[in-house]
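# Chain and residue survey
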Amino acid sequence: NIMKILCGIGIPMGLQYSITAIGSMVLQVAVNGLGSMSVAAMTAATKISMFFCCPFDALGSTMATYGGQNIGARRLERLGEGMKAAVFMGTAYALLALVILSRFGDSIALLFLDADQTEILGQVKQYLLTNAVFYIPLVLVNVVRFMIQGMGYSKRAVLAGVCEMAARAGVGFLLVPYFGYTAVCFASPFAWIAADLFLVPSYLLIIRRLWKEQGMEAP
């Protein structure tokens, strides 16, 4: 029985990353059609962005453990407190990352590119700044999704991954042919917002249901 519970939580988590990767693959196909410079720019920008997003991933993993522990202890009042604290920390880091990338994005890109590749460097900075402006929605994606997973509602987290996939694929199929590299820069922000539009209401519904099961009203 315990193995079934663990598989019910773990397998959807694994599928979630697979589903998200499908959207990224579709977007990559669209970028390939823009030429070698756009491919090189996105490759370098993605590496830098992944590095700056590591704290968001760590914060999400923390919330998965936090949510599971407090559900197990029936300390529902702590879920909201932890959520607020995590969003505050994530927002503070998101603003710091935005400042760093806006001022030093060009210099950081030189780790992967030569100084004479000015057009590619400009595209890298455009990608990094566009994503960094939307890091706060990314905070919510990681905090809320992993909290829901830790609380035992992994299927909802998978559906959030489907929303991300659909948004990235939609940008790749519909917007990149018309708006080019600029649309590529907005693909991840669109995906994060699409996931948030599903995750935040789902979290609120779950919390209200849990409080109702204990015969209490959610604060």
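In this report, we go over the structure that sits alongside the text. (Residues numbered from 1 in each chain as written. Predicted model: local features only at pLDDT ≥ 70, side-chain atom pairs only at ≥ 80, totals over all residues. Heavy atoms only, no water.)

## As for the overall build of the protein
- Helix and strand content of the protein: nine helices and zero strands.
- Across the protein, helices and strands are ordered from the amino to the carboxyl terminus as α-α-α-α-α-α-α-α-α.
- On C-alpha atoms alone, the protein measures out to a radius of gyration of 19 Å, which is about the 17 Å that the 2.2 N^0.38 rule sets for 219 residues.
- With respect to the three principal axes, the spread of C-alpha positions in the protein is 65 × 30 × 30 Å.
- Looking at the 219 residues of the protein, the share that counts as buried comes to 42%.
- Counting only carbon and sulfur atoms, one obtains 69% of the accessible surface of the protein, whose full area is about 11500 Å².
- Mean positive and mean negative side-chain charge positions of the protein (15 and 11 charges, respectively) differ by 12 Å. (Helix = DSSP H or I, 4+ residues; strand = E, 2+ residues; numbered from the N terminus. Rg over C-alpha atoms; globule rule 2.2 N^0.38 Å. Buried < 20%, exposed > 50% of the residue type's maximum accessible area, 1.4 Å probe, protein only. Areas by Shrake-Rupley, 256 points an atom, 1.4 Å probe, with all protein chains shown as cover. Lys, Arg positive; Asp, Glu negative; His and termini not counted. Charge placed at Lys NZ, Arg CZ, Asp CG, Glu CD.)

## Looking at the packing of helix 2 (residues 36-52) against helix 3 (residues 54-72)
- At a closest axis distance of 4 Å, the pairing of helix 2 and helix 3 adopts a crossing angle of 40 degrees. The angle between helix 2 and helix 3 places the two elements in the oblique class. Note on element contacts: helix 3 touches helix 2 through Cys54, Pro55 and Phe56, opposite Met50, Phe51 and Phe52.
- For the contact of helix 2 with helix 3, the residue count by class is six nonpolar, no polar and no charged. (Axes fitted to C-alpha atoms, helices over the stretch in contact; angles between N-to-C directions. Parallel < 35°, antiparallel > 145°, perpendicular 65-115°, else oblique. Contact = heavy atoms within 4.5 Å. Nonpolar A, V, L, I, M, F, W, Y, C, P; charged D, E, K, R; others polar.)

## Quick notes on the pattern of salt bridges
- Evaluation of the coordinates by the stated rule reveals four salt bridges.
- Residue Arg145 pairs with Glu164 through a salt bridge whose shortest N-O separation is 2.5 Å. Remark: Glu164 occurs in helix 7 (residues 154-179) and Arg145 occurs in helix 6 (residues 135-150); sequence separation between them is 19 residues. Of the two residues examined, Arg145 and Glu164, each falls in the buried class.
- The network of salt bridges with shared partners includes Arg145, Glu164 and Arg168. (Salt bridge = Lys/Arg side-chain N within 4 Å of Asp/Glu carboxyl O.)

## Considering helix 5 (residues 118-133)
- With 16 residues, helix 5 should reach 22 Å at 1.5 Å per residue; the first-to-last C-alpha distance of 23 Å fits that figure.
- For helix 5, the full list of buried residues reads Ile120, Leu121, Gln123, Val124, Tyr127, Leu128, Thr130, Asn131 and Ala132.
- Contacts made by the buried residues of helix 5 are with helix 2, helix 4 (76-109), helix 6, helix 8 (181-185) and helix 9 (187-213). (Expected span 1.5 Å × (residues − 1).)

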